[in-house]
Amino acid sequence: MAGPILLRSLFSSTSRRSLSSHLAPLPRLYRRFSSGPAAAAATEPSAYLDPGRLRNVAVVAHVDHGKTTLMDRLLRQCGADIPHERAMDSISLERERGITIASKVTSISWKENELNMVDTPGHADFGGEVERVVGMVEGAVLVVDAGEGPLAQTKFVLAKALKYGLHPLLLLNKVDRPSVSEERCNEVESLVFDLFANLGATEEQLDFPVLYASAKEGWASSTYTKDPPAGAKNMSQLLDAIVRHVPPPKANLDGPFQMLVSMMEKDFYLGRILTGRVSSGIVHVGDKIHGLRSIESGIEKIEEGKVVKLMKKKGTSMVLIDSAGAGDIISMAGLGNPSIGHTVANAEVMTALPTVELDPPTISMTFGVNDSPLAGRGGTHLTGGKIGDRLMAEAETNLAINVLPGIADSFEVQGRGELQLGILIENMRREGFELSVSPPKVMYKIEKGQKLEPIEEVTIEVNDEHVGLVMEALSHRRAEVADMGPVAGNVGRTRLSLTCPSRGLVGYRSVFSSDTRGTGFMHRAFQSYEKYRGPLGNVRKGVLVSMGYGTITAYALMSLEPRGTLFVTPGMEVVSLLRLLIFHLLMHAPIS
């Protein structure tokens, strides 16, 4: 980038039962809320935290660039007890798949400051988790793999952070790798700066500090190094940069209490636990509050109640607090109806806080009752009513999913992509639900008489010998190449940047893995709605369908195996492979 932009200066820069009856005599702010029979209390002397000592920060990055590992190291640095690696990934599917699915918040203490840290997902399908938490923080740590550089989701999360005026810090991670040199770090830094400028960053945001780190080894440095001194192999410099660069929240302690709900979970004893940032005022246990939401005719009161519990996540434990002030991120129990996007405020307040704007869903599927002859064998929740209740509950906690009632006990579920809907299906299966699902459908728009479709930005890195095969396959899926070039530090590798309709990418990941022999990677992120690019080309090679009934045998599959990819195994009982084919097409075949 020419001009003054190149001359910028770089900064180096549980028991669920309450223990309150046992701990009430202790005149302290924090009280332990954990699974032990007894717990020690923290020693915070003030009634609530001084806003000047608070820092609210989100950790954002592309998938697999090291966010969750970084959070582990920060927690350890500040004395938290980490039971296992990836401690912030508390959902079983997160640990199994090695990805972050839902945003989580925790707090750590550093040099008399309280840092509220938000760990966010890096996959594009879970972008709604990023969108709904950026309003809680003033700063963001942008983690970029020093070897790979900024990718598709890096642009997405950075655009959201800049839109809300956050103060970013750039952390180049994985600099300990042999292929990463100081020259490569400077190149990645320039690419990130260009990305900032293209996304409309202000001059203040462009003056971001740059740090170098190896989250795996547990250190960060303000200057480039691969092996810092023994006394500097920690995260102190990153924590100091956060305190120095991220401003404290602008808090009005004298105003009435207001809080926008950004997260919600359910507890068997406490009911709904609402998490959000206190916008103004101070809240105490026992205060009368109510929930508000904006509707077309004005402000609607949802429910009245009082604060039963106030809680705050510290490290990996939830602790009870007596009060909280403006600028802090807390959890509360006492109301049973408000959900994400609603306002919780003092009883005299009748003004709702503005909600976060989310990108629209791009793909929909129909969930319904399993009406096959094998119904009732794979779960315990079978009726349309139970399926509908579960989907509605999901829509309350995940704003990126919309649920619309259909006909005959069916529901249209709208989401961001295959992975997001696939995670929902797997969660329901593990909870004992049995249901049928339709192939995915792209959600089109009609504006000014013109048909629009969702377009995604795709980044692909493959070996040179696979470039032709990948480009041929994507050309049939109406993809357009935006950039192409070698991968720095990787001889024989090529990176492609493309735009492709969402309908063309449905089912392509498995084809891509086969074409590249498992050596390539592909990342995608929603870009915009654009003019319909026309029907897809020759993307389906045909399928083999058995109309028989009974149990699949290995002998029957032997003669079929050379003719295609099998998605059934011996011993599986089926009424017709046609039904299994429909589910297979969900993940392995495109739609036109």
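Residues numbered from 1 in each chain as written. Predicted model: local features only at pLDDT ≥ 70, side-chain atom pairs only at ≥ 80, totals over all residues. Heavy atoms only, no water.

Engineer: I would appreciate a short explanation of the pattern of salt bridges in the present structure.
Structural biologist: It is possible for side chains of opposite charge to pair when their charged atoms get near one another. For the structure shown, the criterion picks out 26 salt bridges. The shortest N-O distance in the salt bridge between Arg-293 and Glu-300 comes to 2.8 Å. For Arg-293, a relative accessible area of 32% corresponds to the partly exposed category. Residue Glu-300 is classed as partly exposed on the basis of its relative accessible area, which comes to 28%. Because the salt bridges share partners, they merge into one network encompassing Glu-131, Lys-160 and Arg-416. (Salt bridge = Lys/Arg side-chain N within 4 Å of Asp/Glu carboxyl O. Buried < 20%, exposed > 50% of the residue type's maximum accessible area, 1.4 Å probe, protein only.)

Engineer: Before we go on, may I ask you to explain the packing of helix H9 (residues 384-397) against helix H10 (residues 418-430) in this structure?
Structural biologist: For any two helices packed against each other, one specifies the inter-axial angle together with the distance between the axes. The contact between H9 and H10 brings their axes to 12 Å, and the two run at 130°. By the angle between their directions, the pair H9 and H10 is classed as oblique. You can see that H9 and H10 cross each other, and the crossing is right-handed. Of the residues in H10, those in contact with Ile-387, Arg-390, Leu-391 and Glu-394 of H9 are Leu-424, Asn-427 and Met-428. Classifying every residue of the contact of H9 with H10 by side-chain character gives four nonpolar, one polar and two charged. (Axes fitted to C-alpha atoms, helices over the stretch in contact; angles between N-to-C directions. Helix = DSSP H or I, 4+ residues; strand = E, 2+ residues; numbered from the N terminus. Parallel < 35°, antiparallel > 145°, perpendicular 65-115°, else oblique. Left-handed = near helix turned anticlockwise from the far one by under 90°. Contact = heavy atoms within 4.5 Å. Nonpolar A, V, L, I, M, F, W, Y, C, P; charged D, E, K, R; others polar.)

Engineer: Any chance you could explain H9 here in plain terms?
Structural biologist: Since the α-helix turns once every 3.6 residues, residues separated by three or four places project in the same direction. In this model, H9 (14 residues) spans 20 Å end to end at C-alpha, consistent with the 20 Å of a helix rising 1.5 Å per residue. Close packing links the buried residues of H9 with strand E19 (363-369), strand E20 (402-405), strand E21 (411-415), H10 and strand E22 (435-437). (Expected span 1.5 Å × (residues − 1).)

Engineer: I'm lost on the side chain of Ser-103 in this one. Help?
Structural biologist: Assignment of secondary structure puts Ser-103 in the loop between helix H3 (92-97) and strand E3 (104-110). Exposure remark for Ser-103: the relative accessible area of 7% places this residue in the buried category. Beyond its immediate sequence surroundings of up to four residues, Ser-103 is in contact with Val-118, Asp-119, Thr-120, Pro-121, Glu-129, Val-130, Val-133 and Met-263.

Engineer: Could you clarify how one ought to interpret unusual backbone geometry in this entry?
Structural biologist: The phi torsion of most residues other than glycine is negative, and most of the peptide bonds are trans. Unusually for a residue other than glycine, Glu-112 sits at a positive phi of about 70°. Despite not being glycine, Arg-478 shows a phi value in the positive range, around 65°. Mapped onto the elements, Arg-478 comes out in the loop between helix H11 (467-476) and strand E26 (480-486). Looking at Arg-478, the relative accessible area reads 35%, which means it is partly exposed.

Engineer: Just checking my understanding: could you explain the packing of aromatic side chains for this structure?
Structural biologist: Pairs of aromatic rings are described using the distance from one ring centre to the other and the angle between the two planes. One pass over the full model with this rule turns up seven aromatic pairs. With a centroid separation of 5.2 Å and an interplanar angle of 90°, the aromatic rings of Phe-268 and Tyr-269 are classed as edge-to-face. Judged by relative accessible area, which is 40%, Tyr-269 ranks as partly exposed. Between the NZ or CZ atom of Lys-451 and the centre of the ring of Tyr-532, over which it lies, the distance is 4.4 Å. (Phe/Tyr/Trp six-rings, centres within 6.5 Å; stacked < 30°, edge-to-face > 60°. Lys NZ or Arg CZ within 6 Å of the ring centre and 35° of its normal.)

Engineer: Explanation requested: the nonpolar core in the structure shown.
Structural biologist: Buried together is how nonpolar side chains tend to be arranged in soluble globular proteins. Core analysis: the largest hydrophobic core is formed by 40 residues, its most contacted members being Val-118, Leu-142, Leu-170, Leu-172, Val-175, Val-192 and Phe-196. Breaking this core down by element, the ones donating at least two residues are strand E2 (54-61), strand E5 (139-145), helix H5 (152-163), strand E6 (167-173), helix H6 (182-198) and strand E7 (210-214). Excluding residues within four positions of it along the chain, Val-118 makes contact with Val-57, Ala-58, Val-59, Ser-103, Lys-104, Val-105, Val-133, Met-136, Val-137 and Met-263. Core analysis: the next-biggest nonpolar cluster, separate from the first, contains 27 residues, Ile-108, Leu-115, Leu-171 and Ala-213 among them. (Core = buried A, V, L, I, M, F, W, Y, C linked by side-chain atoms within 4.5 Å.)

Engineer: Can you walk me through the pairing of strand E10 (residues 271-280) in this structure?
Structural biologist: Each regular strand carries side chains that alternate between the two faces of the sheet. With eight of ten residues buried, E10 lies mostly within the body of the structure. Across nine bridges, strand E9 (residues 258-267) lies against E10 in antiparallel orientation. Across the sheet, Val-261 pairs through a bridge with Gly-276, a residue of E10. Bridging between E10 and strand E17 (residues 329-333) involves five bridges; their strand directions are antiparallel. In the strand pairing of E17, Thr-275 is matched with Ser-331. (Pairing = 2+ DSSP bridges.)

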